[in-house]
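Summary of the model geometry
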Amino acid sequence: MIFRTALAALTLALGLALPAIAQETRSVTAANGTFDIPVAPQRIVALNDQIVALPLYELGAALVGSAGRVDAEGKTFLRGGMDTLGIDYSNTDIKYVGQFNALDLEAIAALQPDLIIGGTYTDPAVVEQLQAIAPTLVIDNGALGLVETLRTLADVSGQAGNFEARYQRYLDNVERTKSYIGDTSAVSATMTFMFPAGEELWVYRANLGAIAQVLSDLGFAQPTAVSALEATQASWSAELIQELDADFIFGFYRQQPDATPEAVRAAYEKFAPGWCQALTACQKGQMVLLPGPTFGSTMAGLDLALDLVETHVAGRSFVPFEEAK
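Below is a short write-up of the structure.

Some words on the overall build of the protein
Counting secondary structure elements, the protein contains 14 helices and 14 strands. At 22 Å, the protein has a C-alpha radius of gyration in line with the 20 Å of a compact globule built from 325 residues. Once the C-alpha set of the protein is aligned to its principal axes, its extents read approximately 70 × 40 × 35 Å. In the protein, which comprises 325 residues, the share counted as buried stands at 48%. If you take every contact in the protein between residues at least 6 apart in sequence, the share linking residues at least 24 apart comes to 66%. The distance from the centre of the 19 positive side-chain charges to the centre of the 37 negative ones in the protein is 3 Å.

Some thoughts on the sheet that holds strand E11 (residues 201-204)
Taking strand neighbours across the sheet as the criterion, the 5 strands line up as E12-E11-E10-E13-E14 in an open arrangement whose pairing is mixed. Every interior strand has two partners, whereas the edge strands, strand E12 (233-236) and strand E14 (287-291), have only one. Each strand axis lies, on average, 30° off the axis of its neighbour in the sheet, ignoring direction. Taken together, the 3 bridges between strand E10 (residues 189-194) and strand E13 (residues 248-253) define a ladder with parallel strand orientation. In the sheet register, threonine 190 faces E13, and the bridge partner there is isoleucine 249. Along the sheet, helix H8 (residues 209-218) makes contact with E10, E13 and E14, crossing E10 at roughly 175°. Along the sheet face, helix H10 (residues 261-271) touches E10, E11, E12, E13 and E14 and points at about 95° away from the line of E10.

A word on the nonpolar core
Leu208, Ile211 and Val309 are the most contacted members of the largest nonpolar core, which has 34 residues in total. Setting aside residues no more than four positions away along its own chain, leucine 208 makes contact with Met191, Phe193, Phe252, Thr294 and Phe295.

A short note on the side chain of threonine 298
Summarising the element assignment, threonine 298 is placed in the loop between E14 and helix H13 (299-313). Owing to a relative accessible area of 1%, threonine 298 belongs among the buried residues under this scheme. Within the local environment of threonine 298, its side chain forms a polar contact with the backbone nitrogen of glycine 301, the two atoms lying 2.9 Å apart. Among residues more than four places away in sequence, those in contact with threonine 298 are Leu54, Pro55, Glu58, Thr84 and Leu150.

Quick word on the packing of helix H6 (residues 141-156) against helix H7 (residues 160-181)
Each pair of packed helices can be described by the angle between their axes along with the distance between the axes. Where H6 meets H7, the axes come as close as 7 Å, and the angle between the chain directions of the two elements is 150°. Note on element contacts: H7 touches H6 through Ala160, Phe163, Glu164 and Tyr167, opposite Val147, Leu150, Arg151, Ala154 and Asp155. Of the residues contributing to the contact of H6 with H7, the split by class is 6 nonpolar, no polar and 3 charged.

Regarding the pairing of strand E9 (residues 136-139)
Side-chain alternation along E9 places Thr136 and Val138 on one buried face and Leu137 and Ile139 on a second face that is also buried. When strand E8 (residues 115-119) meets E9, the two strands line up parallel, connected through 4 bridges. What sits directly across from glycine 118, in E9, is valine 138. Where the polypeptide runs from E8 across helix H5 (residues 124-130) and back to E9, its parallel neighbour, the crossover connection is right-handed.

Digging into the pattern of salt bridges
Overall, the coordinates contain 9 salt bridges when judged by the stated rule. Here aspartate 155 ties to arginine 26 by a salt bridge, and the two come within 3.3 Å at their closest N and O atoms. Linking aspartate 155 in helix H6 with arginine 26 in strand E1 (residues 25-30), this pair joins segments that are 129 residues apart in sequence. Exposure remark for aspartate 155: the relative accessible area of 35% places this residue in the partly exposed category. The partner of arginine 176 in a salt bridge is glutamate 310, and the shortest N-O contact between them spans 2.7 Å. Residue arginine 176 is found in helix H7, and its partner glutamate 310 is found in helix H13; the two are separated by 134 residues along the sequence.

How each quantity is defined
Residues numbered from 1 in each chain as written. Predicted model: local features only at pLDDT ≥ 70, side-chain atom pairs only at ≥ 80, totals over all residues. Heavy atoms only, no water. Helix = DSSP H or I, 4+ residues; strand = E, 2+ residues; numbered from the N terminus. Rg over C-alpha atoms; globule rule 2.2 N^0.38 Å. Buried < 20%, exposed > 50% of the residue type's maximum accessible area, 1.4 Å probe, protein only. Contact = heavy atoms within 4.5 Å. Lys, Arg positive; Asp, Glu negative; His and termini not counted. Charge placed at Lys NZ, Arg CZ, Asp CG, Glu CD. Pairing = 2+ DSSP bridges. Axes fitted to C-alpha atoms, helices over the stretch in contact; angles between N-to-C directions. Core = buried A, V, L, I, M, F, W, Y, C linked by side-chain atoms within 4.5 Å. Polar contact = N/O pair within 3.5 Å; in protein donor to acceptor, adjacent residues only side chain to side chain. Nonpolar A, V, L, I, M, F, W, Y, C, P; charged D, E, K, R; others polar. Right-handed = clockwise from strand over helix to strand, strands pointing away. Salt bridge = Lys/Arg side-chain N within 4 Å of Asp/Glu carboxyl O.

Without other data, these values stay purely geometric and don't point to any function.
See the structure below:
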């Protein structure tokens, strides 16, 4: 079945191909091997919206298609697209090519891409099929981390200069924020993620997109129970809520009807009744809900997360955790 599907995709790709235009190529190494890709790709397809498509679009890459999501009404959308960059399929030339775990090979081939970019979440068998259409790179964002993932996407899409200039501006702003705060290692923060249903709480030591990068770059501390986590994230017990107490506790909402700030605050209370009374950060107004782009994978997310952290930590007075006891 896989062979027949691959053969069909290859046949379709060849059948749809326009007369070839010679492109200068170079060799790059990705998580799935070494490939020759165009120096300046003109038709890129992303196999993930939030992790791949949004950073590529933001950097000015020639993005023609992307995997996306389907809402309850059957409408396709780019996850985080409108919240972060104000884009979706409806107001760009980006074409929908299926969901990240249910890709439409015919739709991808029809776009005649010269480069396809996915991640370790992409089925290896599908990646092999896609190689018949265009060089297909697997970027291991989990191993690379946010900054190196963005740098890699910029490099392979021919947008390295755009990324480095913007990243340097971000680093300069990190130093500005540090100068406002003072000893950032004396400030502690916990990253939590609660879905609106209020059934499970996730706590992150690292790898929560932009906000995790910002807190790390600023040099904030973490509660002992969080910093001791072996994995980058863990499902947390309601009985251990007090172990999360810190100067600041960050959570998140999204700009969608079921994940508003009010809905997320209610979810925390449902998960652990008395949540706010158990945590001094919450009692002192230092339990902060940030918007969705702050845990995304874009430079816009980094800039926003840094600005919001600066506002809450340096832009007002706060009660340090130890003093609040």
